[in-house]
Structure formats: structure tokens, C-alpha cells
Amino acid sequence: MGKTSLLESIKMVYRQDGFTGYYKGWMPNFMGSIFFRSIQFSTFESAMTHWETSDSMKQAIPGTGGIQWRVLCAGLLSGSARAIVESPFQYSKCRRQTGQSWEFAGAFKGFSNQYPRATFLMTSFFLQMDSWRRHTNMLKSKFGQFFCSGSAAMIAFWIVWPFDVLQIGRASCRERV
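Residues numbered from 1 in each chain as written. Predicted model: local features only at pLDDT ≥ 70, side-chain atom pairs only at ≥ 80, totals over all residues. Heavy atoms only, no water.

1. Concerning the overall build of the protein chain
We apply this condition: Strands here are runs of E lasting at least two residues and helices are runs of H or I lasting at least four, both read from the DSSP assignment and numbered beginning at the N terminus. Accessibility here uses a 1.4 Å probe with only protein chains present; expressed as a share of the type maximum, an area under 20% marks a residue as buried, one over 50% as exposed, and anything in between as partly exposed.
The secondary structure content of the protein chain amounts to 5 helices and 0 strands. In the protein chain, the succession of α and β elements from N to C terminus is α-α-α-α-α. Along the three orthogonal principal directions, the C-alpha set of the protein chain runs to about 60 × 35 × 25 Å. Put simply, the protein chain has 177 residues, and 38% of those count as buried.

2. Notes on the packing of aromatic side chains
Between two aromatic rings, the relevant description is the distance of the centres plus the angle of the planes. Here is the rule we go by: A pair of aromatic rings is counted whenever rings of Phe, Tyr or Trp (Trp by its six-membered ring) have centres within 6.5 Å, and the orientation is called stacked for planes under 30 degrees apart, edge-to-face for over 60 and tilted otherwise.
With the rule as written, the count across this model stands at 13 aromatic pairs. Connected via pairs of aromatic rings, a cluster forms that spans Phe41, Phe44, Phe125 and Phe126.

3. Things to note about the environment of Phe41
Just so we agree on the cut-off: Note on definitions: a residue-residue contact is assigned when non-hydrogen atoms from the two residues lie within 4.5 Å.
Structurally, the position occupied by Phe41 is in helix α2 (residues 26-50). By relative accessible area, which is 37% here, Phe41 ends up partly exposed. In sequence terms Phe41 and Ser9 are 32 residues apart; their C-alpha atoms lie 36 Å from each other. Ignoring anything within four residues of it in the chain, the contact list for Phe41 reads Met122, Phe125 and Phe126.

4. A look at helix α1 (residues 6-17)
Heads up, the condition is: Multiplying 1.5 Å by the residue count of a helix minus one yields the expected span of that helix.
For α1, which comprises 12 residues, the first-to-last C-alpha distance of 16 Å matches the rise-based estimate of 16 Å (1.5 Å per residue) to within 8%. Among the residues trailing α1, Gly18 stands out with phi positive, at a value near 75 degrees.

5. Description of the packing of α2 against helix α3 (residues 69-97)
How we decide: Structural elements are reduced to axes, namely lines fitted to C-alpha atoms, with helices fitted over the stretch in contact, and the angle between N-to-C directions of any two is expressed from 0 to 180 degrees. If an angle is under 35 degrees, it is roughly parallel; if it is over 145, roughly antiparallel; if it lies from 65 to 115, roughly perpendicular; otherwise it is oblique. By the definition used in this description, the sense in which the near helix is turned from the far one sets the handedness, with an anticlockwise turn below a right angle giving left-handed and a clockwise turn giving right-handed. Put simply, Ala, Val, Leu, Ile, Met, Phe, Trp, Tyr, Cys and Pro go in the nonpolar bin, Asp, Glu, Lys and Arg in the charged bin, and everything else, Gly too, in the polar bin.
In contact at an axis separation of 8 Å, α2 and α3 are set at 165 degrees when each is read in the N-to-C sense. The orientation of α2 with respect to α3, classified from their angle, is roughly antiparallel. Once α2 is placed against α3, the crossing between them reads as right-handed. Tallied by class, the residues present in the contact of α2 with α3 amount to 14 nonpolar, 8 polar and 5 charged.

6. Regarding the pattern of salt bridges
Selection rule: Salt bridges are counted wherever a side-chain nitrogen of Lys or Arg sits within 4 Å of a carboxyl oxygen of Asp or Glu.
This model, assessed by the stated rule, comprises 5 salt bridges. One salt bridge in this structure joins Glu86 and Arg82, with 3.0 Å as the shortest N-O distance. Taken together, the residues span about one helical turn, with Glu86 and Arg82 both in helix α3 at a distance of 4 residues. The pair Glu86 / Arg82 is uniform in exposure class, with both members buried. A salt bridge links Asp130 to Arg134, with the shortest nitrogen-to-oxygen separation between them at 2.7 Å. One end of the pair, Asp130, and the other, Arg134, are both in helix α4 (residues 111-135), 4 residues apart, so they sit about a helical turn from each other. In this structure Asp130 comes out as buried when scored by relative accessible area, which is 9%.

7. Concerning the confidence of the model for the protein chain
Note the cut-off: What pLDDT reports is the predictor's confidence in each residue, on a scale of 0 through 100.
For the protein chain, mean pLDDT is 87; residues scoring 70 or higher make up 92% of the total. Averaged pLDDT values for the elements of the protein chain fall to 85 in helix α5 (residues 142-171) and rise to 93 in α4.

Right under this line is the structure:
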């Protein structure tokens, strides 16, 4: 099968499914994002608060410029929680977009790719935000908050993008990935 241009893809989707074809799979992703985005941040904050009184977790990891163990571990927990909650929604979205039926037994298909993606994403985001907080005063202004969180998210997504490609391929049950 040859490469399809963007315009050809747009026409093909419209021919097959009409205007609504462009929105296949949006509902699981929308509903899932409410849950997994909430849980990723609440898990991080809960862990950071829990370890606030732990001297060992507040120690800096050698050679990291002052990153505390609690930031690293809270980031990993945050990503783990996100992967567990996001995986069934991602599976449902991918199956819907590829015209396949959803089966409960497959809800965690692609989890082996989803887990490293989510943990790297959230951990790298929180490590970057922690560095911004400790090494600059950028987070004291609205523009600084926008810049720091935006750049941290962009870099984190750039790092994990290969896992995203692999996870979507696995969840949709396409043989090539």
C-alpha cells in the first residue's frame, strides 16, 4: 500500500463515514483524560505530601543537581497510576478509530508500551518542573509558569513519542507494530 496524502485521507474518511468519521474514538479519550489527568496529578501531590516529613526521601540524588528522591518516586507513581487508568480508554479509542470491536479482555492490550510511556512522561515532566522551581524564579510569574510547564510538557512528550507510536499499534491490534 502506497503512502496516502493528508488530502486523500481527509476525503477517504469523509467518503466512508461522513463528517462524524473525523471524531471516531473521541468519547473514550475525552472521558479517560478526565480520570487519568486527575489521578496523575493527585498521585504526585499525595506522594510528595506523604514524603514531606521523610528525611531520606528529601535527600538529593547524587549527581542530579539537587533532585530529591521523593520527586523521582512521586513521578514514577504518578506515571504508574496514569498508565493503569489510561490503558483501557486508549485501547477503546484505538479500536474505535480502526473500526474494530471493543472486548473487555483486551482492555490492557498495549499496557506494556503504555506503562513506560506514562512513567517516562510524568517523571520527566515533574523532574523538569522541580528543576525550574529550584534553580530559577520563573514560577513566580504567570508567564514563567506558562513557559516552564509548557516547555516541560513539550520535552516530556518529545521523549516519549516513540512509546506512543508503539502503544497505539499494540492497542489497535495491527500486526506491523
